[in-house]
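The chain contents come next:
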Amino acid sequence: MSKVPDYNEINAEIVEKLKAIVGEEFVMWDNKPMMYSYMSRGIMGIRAGPPDCVVRPANKEEIHDILMLCSENKIPVTPMAGGLSGGFALPLLENGGVLLECSRMNKIIEVNTDARYVIVEPGVRAGEVWAYFKKYYPDWAPPIADGAPPAATIMGDAIERGFSLVTSRFGPQADMVMGMEIVLPTGDIIRTGSWGLGGVDEDKQGEKKDGHAMPYYKYGLGPDLHSLFFGSQGAMGVVTKAALKIVPHCHFKTVKVYGFDNWYDAQEATLAASKYECGISDHLVMVQGGNWWLVPTRYQKEKIPYTYDYWKTLGFFEYQLNLEVWAHSQEELDFVTKKLDEIVLEQYTKKAKGKISEQKLHPIQIASRLKKPNKIAIPYGQWEQGFIFVTWYTPWADAAECMEKYCATMEKHKFPPVMWFASIDHCRECIIMPIFCFDTRKIEDYERFEACEDEFTDWALKRGFVNYRPNPTIHAPKSYAKAPTEFKLLRQIKKIIDPNMIMHPGRLAFLAGVEKPEDIPQHIVGFRKSKKQEA
């Protein structure tokens, strides 16, 4: 690893200035164990280092002053709220800089059931906003992440373009964002979409009362600035508020489950159903599934059988899809579920490559699968010692090919081929997520993981597939190397809004003093072997 010369370290003088901004109790500098404890929040990456200082602001004004101070002194800043929403909010350089921990900013500012949005701060967690709506707005649902724990933040998932509980119907989380308030290292505070219009009459500002228009139109005032901050993983600025669409919370629900003996029938049968957009697949808020490996890897490796022959005797399909259906009445629900059976079990079965079956769920199973927020991701840490998700976007019609190749590559590198996938916007796109279960105590397991991803990424990029949560040493540099014009323009824009490139340096191949994306990996912190391991 090469040290980056264009960043400075934090000293006692800087710490005192940070304390003057947020208060002494909200700055942590000389507590190494606590610095390392923050690394446990990074569940979606494997390379990181501890911060040099943790600062916990309470509002956008404090964030403004922190960013100005750090930019002036060329100190890296990594924003974090919950750290559990799918991004990777940890420092990537040996010089860890400031971890901007935004969990104190946890207000639900406004709910508008006519324009149908909720405005939240970065620290609002999925469990909190879900409980708030259940109590005060039971006929409306906020787009919380499906699969992330209740402690994950709703904003973190949204600005990472994540996967919500209604993604199969409404698209990725970024499509649910109507506007954002963002603090830049230049000192500017911008608001995207119609929210950017200032000098507005007080009765047209909504409950936020900030002098600006309500966030009812996401594209706003000419060329769209909105998307610059989606998927940026803290590399462009700090989002301090976000307006997210809310959707009707239908109270007639069920889950349909279909089983298959190959990836291609799972892909094609669901695609056939999803093309019935008006009246049928509009009711499919969640379409997700995977292979049988999703079951045994939720348990300790030494304590259960892990051959398919055993799990088959218990009724598990080799490949399975769950279709979560919402409706406004029992009559509507019955119509949709009957039509799904006709499409999948009758119409598509005639041309299927293999056998298709329906699994009848017990009411307790249905209730369990409908419970939100859920914790379905957590048990995968039990297989050995830890796990990591990797996520790719493909056209839905290419999902089977991608998953077949991925599983083979995982097995080649001695990982159980645990594979999950889900529909985005009526099966226009597919989100494919292998779950790597491994022992986090073993350096060689990390090295196997990187070798697997390195090999698969070369293949996937040639097939036109996109990694949406890119690893800084593999996915990001390889992707941008194949999109040089896009990378050049993004880098130029970043230097305008972050002239000293202090925001999460290393993430997305943005690093001061390093021009080529393929040169980024040598500056990212590596796995630290003990002297015994090195010997």
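This one's a predicted model, so the numbers in the text were calculated from it and none came from an experiment. (Residues numbered from 1 in each chain as written. Predicted model: local features only at pLDDT ≥ 70, side-chain atom pairs only at ≥ 80, totals over all residues. Heavy atoms only, no water.)

Asks: Go over the overall build of the protein chain with me, naming the residues and quoting the values.
Replies: When you go through the protein chain residue by residue, the secondary structure sums to 15 helices and 20 strands. Against the compact-globule benchmark of 24 Å for 535 residues, the protein chain has a radius of gyration of 23 Å, which places it among compact chains. Dimensions along the principal axes, computed over C-alpha positions, put the protein chain at roughly 70 × 70 × 40 Å. A buried classification covers 58% of the 535 residues belonging to the protein chain. Counting contacts in the protein chain only where the partners sit at least 6 residues apart, residues at least 24 apart contribute 73% of the total. Total accessible area on the protein chain is roughly 22,500 Å²; 51% of this is exposed by carbon and sulfur atoms. (Helix = DSSP H or I, 4+ residues; strand = E, 2+ residues; numbered from the N terminus. Rg over C-alpha atoms; globule rule 2.2 N^0.38 Å. Buried < 20%, exposed > 50% of the residue type's maximum accessible area, 1.4 Å probe, protein only. Contact = heavy atoms within 4.5 Å. Areas by Shrake-Rupley, 256 points an atom, 1.4 Å probe, with all protein chains shown as cover.)

Asks: Break down the pairing of strand S13 (residues 284-291) for me, with residues and values.
Replies: Within S13, 8 of the 8 residues are buried, which leaves it mostly tucked inside the rest of the structure. As paired elements, S13 and strand S14 (residues 319-327) share 7 bridges and run antiparallel to each other. Note on S14: the bridge partner recorded for Val-287 is Leu-323. Two strands pair when backbone bridges link them, and S13 and strand S18 (residues 418-424) are joined in this way by 3 bridges, in the antiparallel orientation. Of the residues in S18, the one forming a bridge with Gln-288 is Ala-422. (Pairing = 2+ DSSP bridges.)

Asks: An account of the environment of Leu-294 is needed here, citing residue identities and associated values.
Replies: One can find Leu-294 in the loop between S13 and helix H8 (308-313). Note: C-alpha distance between Leu-294 and Ala-115 (179 residues apart in sequence) is 39 Å.

Asks: With reference to specific residues and values, describe the sheet that holds strand S5 (residues 108-112).
Replies: Taken in spatial order, the 5 strands of this open sheet run S5-S6-S10-S8-S9, and their pairing is antiparallel. With partners counted over all chains shown, the strands left at the sheet margins are S5 and strand S9 (189-191), one partner each. The mean inter-strand angle of the sheet, taken between neighbouring strand axes irrespective of direction, is 10 degrees. Here strand S8 (residues 177-183) runs beside S9; their pairing, made up of 3 bridges, is antiparallel. Counted as the bridge partner of Glu-181 is Arg-191 from S9. (Axes fitted to C-alpha atoms, helices over the stretch in contact; angles between N-to-C directions.)

Asks: Mind laying out the packing of aromatic side chains, listing which residues take part and the relevant values?
Replies: Scanning the entire structure with this criterion turns up 28 aromatic pairs. Here Tyr-132 and Tyr-137 contribute two aromatic rings whose centre-to-centre distance is 6.3 Å and whose plane-to-plane angle is 40 degrees, an arrangement assigned as tilted. Given the relative accessible area of 29%, Tyr-132 is considered partly exposed. Note on Phe-436 and Phe-449: the rings are 4.8 Å apart at their centroids and 90 degrees apart in plane angle, and the pair reads as edge-to-face. Taken as a pair, Phe-436 in strand S19 (residues 429-438) and Phe-449 in helix H12 (residues 443-462) lie far apart in primary sequence, 13 residues in all. Judged by its relative accessible area of 0%, Phe-436 is buried. Sitting over the face of the ring of Phe-26, Arg-104 holds its NZ or CZ atom 3.4 Å from the ring centroid. (Phe/Tyr/Trp six-rings, centres within 6.5 Å; stacked < 30°, edge-to-face > 60°. Lys NZ or Arg CZ within 6 Å of the ring centre and 35° of its normal.)

Asks: Which residues make up the sheet that holds strand S1 (residues 27-28), and what are the values?
Replies: Taking strand neighbours across the sheet as the criterion, the 4 strands line up as S1-S2-S4-S3 in an open arrangement whose pairing is mixed. With one partner strand each, in any of the chains shown, S1 and strand S3 (77-80) form the two edges of the open sheet. One ladder, built from 2 bridges, connects S1 with strand S2 (residues 53-55); its direction is antiparallel. Considered in S2, the bridge of Val-27 is made with Val-55. Contacts from helix H3 (residues 60-72) reach S2, S3 and strand S4 (98-101), with the element oriented near 170 degrees to S4.

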